[in-house]
Amino acid sequence: MTTADLPQPTPMRAAVSNTTPRFALPAGSCDTHFHVFEPGYAPVPDPLYGFPDGTLQQYLDLAQWLGIERMVLVQPTYYGTDNSLLVDVLRKAGPRCRGVVRIEEDAPENDLDTYHELGVRAIRLDLFARASWPTEDIIAYVRRMADRARPRGWHLQFYTPGTVVRDLLPFLADLEDTFVIDHMGYMKESDGLTRADFDRLLRVLDGGSCYIKLSGPYRIAKDKPLSSLQPLGRALVATRPDRLVWGSDWPHLTDGQRDTGELLNLLADWAPDEADRRQILVDSPTRLFYADAHSPT
């Protein structure tokens, strides 16, 4: 497939065209999942989409419009394990921005030290790329990466199909290292996942070292309205609001016209209690990413 044949992201909507929040964001609110794409940085040889419209300045304009004060840059598949752009963004954005890297298993310790000094606090595990592995091989990989994360107090973030989440649940229930599952577990009905599978995920959330990211709801809803996810969102909040974080998933690949404010406003329905929203937007991100900084007041 040539570059011209790849799905092409739509242009990014203006920040001020996004819906404004329906609730007052608490001080220190954090978006724990956004990506940045800038000219001059090489993608992987086989990217899944064309070059997106999503620069750092465009994101910062959006964050200011919505009232987001802190943010976490997550390394996208587009750049693989080359974290050059992430490093440059962390240097430009300063301590309000933290990072989640993708690394090779043999990444040098000096590189990890540099990442940590710049604000990296987690390793992203791409289990989509390893979905065909036997479960025991995936578990061994997770354990090896946990060994790389643990000395710096980092956690693991799982970017993974819901089918792999389902198969890993017995292991994850006993995993003592802190981990975050992206995109609400990615448990899509179209992949054969059921409410029973989701309920098992809730039990892991309730009793283990698990956090779940309220991000990418459109990835799960597919052609259904976002309101169809209300039962799942409310179930997560009812289980452990203190183990949830929110992420915009900006720039919403490959739909740059998606309304980020609409996604933020889902919290008004999923977490109608102000104290729960504070845990999701402020307290949990602080524990995961800003434990070495002053907590917002």
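So, how was this worked out
- Residues numbered from 1 in each chain as written.
- Predicted model: local features only at pLDDT ≥ 70, side-chain atom pairs only at ≥ 80, totals over all residues.
- Heavy atoms only, no water.
- Helix = DSSP H or I, 4+ residues; strand = E, 2+ residues; numbered from the N terminus.
- Contact = heavy atoms within 4.5 Å.
- Pairing = 2+ DSSP bridges.
- Axes fitted to C-alpha atoms, helices over the stretch in contact; angles between N-to-C directions.
- 1 Å grid on protein atoms, 1.4 Å probe; cavity = no way out; pocket = protein on both sides within 12 Å on 5 of 7 lines; lining within 4 Å.
- Points joined across faces, edges and corners; volume = space filled by probe spheres on them.
- Nonpolar A, V, L, I, M, F, W, Y, C, P; charged D, E, K, R; others polar.

Trainee: Please explain the environment of Val74 as it appears in this structure.
Mentor: As for its position among the elements, Val74 is in strand β2 (residues 70–74). The spacing of Val74 and Ala275 is 201 residues in sequence and 26 Å in space, taken between C-alpha atoms. Once residues lying within four places of it in the same chain are set aside, the contact partners of Val74 are Thr32, His33, Phe34, His35, Val100, Arg124 and Lys213.

Trainee: Please clarify how the sheet that holds strand β1 (residues 30–34) should be interpreted in this entry.
Mentor: The strands that make up a sheet pair up through hydrogen bonds in the backbone, lying either parallel or antiparallel. Taken in spatial order, the eight strands make up an open sheet running β1-β2-β3-β4-β5-β6-β7-β8, and their pairing is parallel. Across the chains shown, the open sheet's two edge strands, defined by having one partner strand only, are β1 and β8 (244–246). If you compare each strand with its neighbour and ignore which way they point, the axes differ by 25 degrees on average.

Trainee: I tried to follow empty space enclosed by the protein on my own but got confused; where do I start?
Mentor: Rolled over the atoms, a probe sized like a water molecule indicates the empty space that remains. Under the defined criterion, the tally for this structure stands at two cavities of 30 Å³ or more. Volume-wise, the largest cavity comes out at about 50 Å³. Around the largest cavity, the lining residues are Val36, Leu73, Val74, Gln75, Pro76, Tyr79, Leu85, Leu86 and Val89. Counting residues per element, the lining of the largest cavity draws most heavily on helix α2 (residues 84–93), at three residues. Residues that form the lining of the largest cavity fall into these classes: eight nonpolar, one polar and no charged. Its boundaries defined by the atoms lining it, the second largest cavity holds a volume of some 30 Å³. Met184, Leu214, Ser215, Pro217, Trp246, Leu263, Leu266, Leu267 and Trp270 together form the lining of the second largest cavity. With three residues, the top contributor of residues to the lining of the second largest cavity is helix α10 (residues 266–270). Its residues assigned to classes, the lining of the second largest cavity comprises eight nonpolar, one polar and no charged.

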